[in-house]
Amino acid sequence: MPAAPVDILDATPFGADPVAVLIDATGHDAPAPELTALADGLSARGFAVRTVRLPGHSGTAGDGADQADPLDGWDAAEVEQALAGALGGDGAVDLCALLIAANGGDGAWAAGIRRLADTVLVAKHAAGPLSRAAARGGRAAFCAVTRLDGGLGLRGDAPAVERLVGGAAGVVKTLLREEPALFCRALDLHPAHAPAAVAELVLTELWDAATDLAEVGLDATGARWTVRPGPFGDRAAQDHRAAQAEDIIIVTGGARGVTADCVRALAARTRARFVLLGRTAADSDPEWATGVADGGLLAAAAAALAAQAGPGGPRPTPRQAEAARRDVLARREIRDTLAALTAAGSEAEYLAVDIADRDAVRAALEPYRGRAAALVHGAGALADNALTAKTPDAVRRVLTPKLTGLRNVLDALGDGPGSPLRHLVLFASVAGLMGNPGQADYAAANEALGRLAAGWKHADRGRHVTAIDWGAWDGGMVDADLRELFRSRGVALIDRTAGAEAFAEQFEPARVDDVCVLVGSAEALTGGADVRPAPALVARRELREIAEHPVIRDHQVGGFPVLPATFGLGWLINVVERAHPGLTVVEARGFDVHKGVVFDGTGELAFRVHTAAAEREGAGTSGRVVVKASVRSPGALPAGLSRYAATLVLAAAPPAPAEVEDWPRLEAEWTAPGPEDGLEIYTGTTLFHGPLLQGIRRIVARGDDRLVVECRLDGAEVGRGAFAGALHDPVLADLLLHGPSVLGRWLTGQACLPLAVGRIDYRAPLPAGEPFAVVIDGAAVRDTGVTSRVTAVGRDGRILVRLHDVAMVGTPDMAAKFAEGTASWHKKEVSA
């Protein structure tokens, strides 16, 4: 999805005498020119710069193309030695930037896997020095940079295997989860950018006022993108074949756990032939377990081990007995899965093979080479531990089944031009999508699967390639205690039946263009970090990009476009929310329009947002944070000329929905039949808004001090979302000020513009394209205009947004200026 441009901090966010460590993990013979340019840029900004070149992992056929396990050739000791030289000791490091590339060629798989392993070790060694710098105050940043497609390996035409290194984003997001005081960002820059431009773009990102984006792609134009799971490209091709009874489906890790649940659901729909691969043997129980129920296996195992040791022999440990019990349970589960598939009408075969063993996989799958129609890759392994405690062996155990195993199976099946493999479904995880403490290697592997899926889909749009980011399943390792923990954190668990059906649905033609999809809660598996009030900041923003936007052109007063007041407020909300990841603005106090912004061609379009240091509200237990913010332009005053100002209150969630007062009356008025006469208001001098802002559809009720209107507007994105908040859409919110302007005209005879709002309570987003009511009541005429209360109400009677003490100001010449605005859009409409 598009990401807003950077709001660049005026002052350096880093502390005094900052230190940067730049790590070259490109594998080239010469130093990467991008890092040389970045080093120069950082030196010019006062950094002491150290550079490190990691050992090269060539992508040539001689290094990895014929190697059974790419990580067998990974010299982790040499990598750690190089990192310790630059990041070791008790010192602090303010910035660690890593440039990653996997050379192309036949060995790109091996090179990419090794680079991901390198990235885990870089984060391991950088975490301590960066945390020490953060503890001193100021920004401490970790940045991983790739040069794939400017879209994080998800948008462009880079070869699929070269995108493996995009999995580094999983490490970055996990580091941020483990060390929330750090500024962490994975960057992918389009190869078209020259080294000097790369350096400047990276520096701009490091000076970003926002801390809410952990991954950003910068395309060839410099436009920013970030990640959101969802459909890939156009909808499904109509002639794509779903999985059918005659198809052979290869499944790794498919005989046990949730993968087995998924396979059973698919068998019920297709009755295809399944070939399941796993490391556990599926033969009959050992003699000591024969006829023993699951609940009695532990005691039986202990007795068998003791008998085997003999009198006076070593007493079996509980761990040994538990291992024996688990082995029997695994065998039984495999046999149960095979029986269930057969009962569903499918043929089923189980192959006991370690997919990390290339030769063994090739031999086992030889009968199916060139015949399989689908591959489901569900195999995986965990070796959870904090980054600082990660070992190379643990990284190997995690990356190997996910990545090397996938490569081995595809090679054995003969995947290539003319391959019958129509379906590739890869099991990824929300741990990669969101980051998860202890799982940096697992996150990297799962994110790499998403990049591979995008690359394969780009190469063959007719093929079904999907990486499923699974959330936590309700069952298996999730016991009652863990289930309650997830519930308390707001993480919805995946029902096993529903999850299996979601998997099976992926094989339907309608889902052929789903590439990276999330099944489960869009929440990290760990709880959110404690509220961290942001420091004071001053950030620059240019408005030149939006000056000609059609929405802005439809908001003209006196012949010139004027930035709507709701955009000024949204500007403040956007900057403050993005400086407080995980928090949402739920209240705005004392919003004032001091001067506004007019696009008349004579003024500066560069402004600054000033925010005071955030403060906790109350005793610090409410989780609410208060920030004073203003938009200013350079001027005679020390802080510049104020344009907009407000005090914003943030919280983890808005208040619970509440029904509007006197809902039966409003519902009766709203549902009563009546003409859609609201658009007529925009044709005179009461309002001036052009078609893209004309949202009043009907006058529902009118009284001396009360007005009810029905609104509906499709909305539009302006500035790539830079003027919006989680609960504030600046285009839709503008409608909340149309009604008070109308009522002000009726009460005073003068055209009115908004001047201030005493308080805004946000409860839920305004619905784009759907009707909602706006109630203006409590209107009172003042010397300067009219004040009123404004409430947006949904179809269910719930309050969406409420504005208190809305002050509208009118002047005798305002009607003429409104008429100029009306004439401008009317002329444009006629000429069109």
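Our structure's up above, just so we're on the same page.
The structure contained in this document is the topic of the report that follows. If you're wondering where the values come from, they're calculated on a predicted model, not measured in any experiment.

Conventions adopted
Residues numbered from 1 in each chain as written. Predicted model: local features only at pLDDT ≥ 70, side-chain atom pairs only at ≥ 80, totals over all residues. Heavy atoms only, no water. Helix = DSSP H or I, 4+ residues; strand = E, 2+ residues; numbered from the N terminus. Buried < 20%, exposed > 50% of the residue type's maximum accessible area, 1.4 Å probe, protein only. Contact = heavy atoms within 4.5 Å. Polar contact = N/O pair within 3.5 Å; in protein donor to acceptor, adjacent residues only side chain to side chain. Disulfide = S-S within 2.5 Å. Pairing = 2+ DSSP bridges. Axes fitted to C-alpha atoms, helices over the stretch in contact; angles between N-to-C directions. Parallel < 35°, antiparallel > 145°, perpendicular 65-115°, else oblique. Left-handed = near helix turned anticlockwise from the far one by under 90°. Nonpolar A, V, L, I, M, F, W, Y, C, P; charged D, E, K, R; others polar. Salt bridge = Lys/Arg side-chain N within 4 Å of Asp/Glu carboxyl O. Arc of directions from axis to C-beta. Lys, Arg positive; Asp, Glu negative; His and termini not counted. Core = buried A, V, L, I, M, F, W, Y, C linked by side-chain atoms within 4.5 Å. Phe/Tyr/Trp six-rings, centres within 6.5 Å; stacked < 30°, edge-to-face > 60°. Lys NZ or Arg CZ within 6 Å of the ring centre and 35° of its normal.

This part covers the overall build of the protein chain. Along its length, the protein chain carries 21 helices and 31 strands. Summarising its shape, the C-alpha atoms of the protein chain cover approximately 100 × 65 × 55 Å along the three principal directions. Residues counted as buried form 55% of the 832 residues belonging to the protein chain. The long-range fraction of contacts in the protein chain, counting pairs at least 24 apart against all pairs at least 6 apart in sequence, stands at 78%.

In this section: the side chain of Gln439. Checked against the element boundaries, Gln439 lands in the loop between helix H12 (430-434) and helix H13 (440-459). Within the structure, Gln439 has its side chain in polar contact with the side chain of Asp384 (distance 3.1 Å). Aside from chain neighbours lying at most four places away, what touches Gln439 is Thr174, Glu178, Leu382, Asp384, Asn385 and Ala431.

In this section: the state of the cysteines. Overall, the coordinates contain 0 disulfides when judged by the stated rule. Looking at Cys96, it has no disulfide partner, and the nearest cysteine sulfur is the one in Cys143, 9.2 Å off.

Taking strand neighbours across the sheet as the criterion, the 8 strands line up as S1-S9-S8-S7-S6-S5-S3-S4 in an open arrangement whose pairing is mixed. The outermost strands of the open sheet, each flanked by one partner alone, are strand S1 (2-3) and strand S4 (48-53). Contacting strand S3 (19-25) and S4, helix H3 (residues 76-87) crosses the sheet at an angle of about 165° to S3.

This brings us to the packing of helix H5 (residues 168-178) against H13. Interhelical geometry of H5 versus H13 gives an angle of 140° and a closest axis separation of 6 Å. As far as their axial angle goes, H13 and H5 are oblique. Relative to H13, the crossing made by H5 is right-handed. Facing H5, whose interface residues are Ala169, Gly170, Val171, Lys173 and Thr174, H13 presents Ala440, Ala443, Ala444, Glu447 and Arg451. The residue makeup of the contact of H5 with H13, split by class, is 5 nonpolar, 2 polar and 3 charged.

Glancing now at the pattern of salt bridges. Counting across every chain of the model gives 54 salt bridges. For the salt bridge of Arg45 with Glu200, the shortest nitrogen-to-oxygen distance reads 3.9 Å. With Arg45 in the loop between helix H1 (33-44) and S4 and Glu200 in helix H6 (residues 195-206), this pair connects stretches of sequence that are 155 residues apart. A residue is classified by how much of its surface remains accessible, and Arg45, at 37% relative accessible area, is partly exposed. Assessed through its relative accessible area of 44%, Glu200 is described here as partly exposed. Here Arg224 and Asp208 are joined by a salt bridge, their closest N and O atoms 3.5 Å apart. Here Arg224, found in strand S9 (residues 224-225), pairs with Asp208, found in the loop between H6 and strand S8 (215-218); they are 16 residues apart in sequence, far enough to count as distant. One continuous salt-bridge network, built from bridges that share partners, spans Lys173, Glu215, Glu447 and Arg451.

Of all the positions in helix H15 (residues 496-505), only Gly499, Ala500, Phe503 and Ala504 are classed as buried. The buried residues of H15 occupy an angular sector of 140° when the element is viewed end-on, so they sit on one face. As for H15, its buried residues are in contact with helix H7 (257-270), strand S14 (374-377), strand S15 (423-429) and strand S16 (464-470).

Take helix H10 (residues 358-365) next. Since the α-helix turns once every 3.6 residues, residues separated by three or four places project in the same direction. Within the sequence span of H10, burial applies to Arg358, Val361 and Leu365. Down the axis of H10, the buried set is contained in an arc of 65°. They therefore lie on one face. The N-cap residue of H10 is Asp357: its side-chain oxygen and the backbone nitrogen of Asp359 are 3.3 Å apart.

Along the chain, the position of Asp188 falls in strand S7 (residues 183-189). It is Arg147 that comes nearest to the buried, bridge-free Asp188 among opposite-charge side chains, at 6.6 Å. Polar side-chain contacts of Asp188 include one of 2.8 Å to the side chain of Thr146. For Asp188, the side chain forms a polar contact with the main-chain nitrogen of Leu148, separated by 2.7 Å. Beyond its immediate chain neighbours, meaning those up to four positions away, Asp188 contacts Thr146, Arg147, Leu148, Asp149, Gly150, Gly151, Leu152, Gly153, Val216, Gly217 and Leu218.

Here we come to the nonpolar core. Nonpolar side chains in soluble globular proteins tend to end up buried together. Residues Leu543 and Leu563 are the most contacted members of the largest nonpolar core, which totals 108 residues. In terms of residues, this core owes the most to one element, helix H17 (residues 565-578), which gives 8 residues. For Leu563, the contacting residues outside a window of four places in its chain are Leu543, Ile546, Ile552, His555, Gly568, Trp571, Val597, Phe599 and Tyr644. Within the second largest apolar cluster, 88 residues are counted, among which are Trp74, Ala127, Leu351 and Leu413.

Each aromatic ring pair is described using two quantities: the centre-to-centre distance and the angle formed by the ring planes. Summed over all chains, the structure comprises 12 aromatic pairs. With a centroid separation of 5.6 Å and 75° between ring planes, the pair formed by Phe427 and Phe503 is classed as edge-to-face. Highlighted residues: Phe427 in strand S15 and Phe503 in helix H15, separated in sequence by 76 residues. Of the two residues, Phe427 and Phe503, neither departs from the other in class, the shared state being buried. Members of the aromatic cluster, connected to one another through ring pairs, are Phe427, Trp470, Trp473, Phe503 and Phe507. Directly above the aromatic system of Trp207 lies the positively charged group of Arg45, at a separation of 4.4 Å from the ring centroid. Note that Arg720 overlies the ring of Trp225, its terminal NZ or CZ placed 5.0 Å from the centroid.

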